[in-house]
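# Fold and contact review
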Amino acid sequence: MPASFVWIELSKEQIEWTGPGGLPTVWRSSEYSSRAFCSQCGSTIGAIDDKPTVAIALGTFDSPNRQGLAPQSHSYISKLPKWWRIDHLKTCD
Ligand SMILES: [Zn+2]
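Residues numbered from 1 in each chain as written. Predicted model: local features only at pLDDT ≥ 70, side-chain atom pairs only at ≥ 80, totals over all residues.

With that out of the way, let us pick up the overall build of the protein chain. Across its full length, the protein chain carries zero helices and seven strands. Overall, the protein chain shows an N-to-C arrangement of helices and strands of β-β-β-β-β-β-β. Projecting the C-alpha coordinates of the protein chain onto the three principal axes gives extents of approximately 40 × 30 × 25 Å. Across the 93 residues of the protein chain, 9% fall into the buried class. Contacts in the protein chain between residues far apart in sequence, at least 24 positions, make up 26% of those at least 6 positions apart. (Helix = DSSP H or I, 4+ residues; strand = E, 2+ residues; numbered from the N terminus. Buried ≥ 20, exposed ≤ 12 C-beta atoms within 10 Å, placed from the backbone. Contact = placed C-beta atoms within 7 Å.)

Okay, here's the thing in structure tokens:
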């Protein structure tokens, strides 16, 4: 995963996998989460945690400019590109 990445976190109950690829292919990436990929083309979808959270990559949404998808916080401040503006967001590192 690149150092800067926008995730949209949802609960598992909010997600229904309806595309032709069905459920994503997963790769165990840590003790608590797995990375998710399209089972047909390998595109990154996001991460599926063991706790009831699914983090979908912003780039997978058809309409990523919707206000409801705007960032609310930023993690890993030390990896932040200098041009990335986060003045209005909660932060943690
Ligand atoms: Zn695909």
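There is more to say after this.
Turning next to the environment of I15. Structurally, the position occupied by I15 is in the loop between β1 (7–11) and β2 (25–28). Looking at I15, the number of C-beta atoms within 10 Å reads 12, which means it is exposed. Residues I15 and V54 lie 39 residues apart in sequence; the distance between their C-alpha atoms is 8.0 Å. Dropping the residues within four chain positions of it, I15 is found in contact with L10 and V54.

Counting six residues, the largest nonpolar core is built from A36, I45, A47, I48, V54 and I56. Counting only elements with at least two residues in this core, the list comes to β4 (44–49) and β5 (53–57). It is β4 that contributes the most residues to this core, three residues altogether. Other than its neighbours up to four places away in sequence, A36 contacts P24, V26, I45, G46, A47 and I48. (Core = buried A, V, L, I, M, F, W, Y, C linked by C-beta atoms within 7 Å.)

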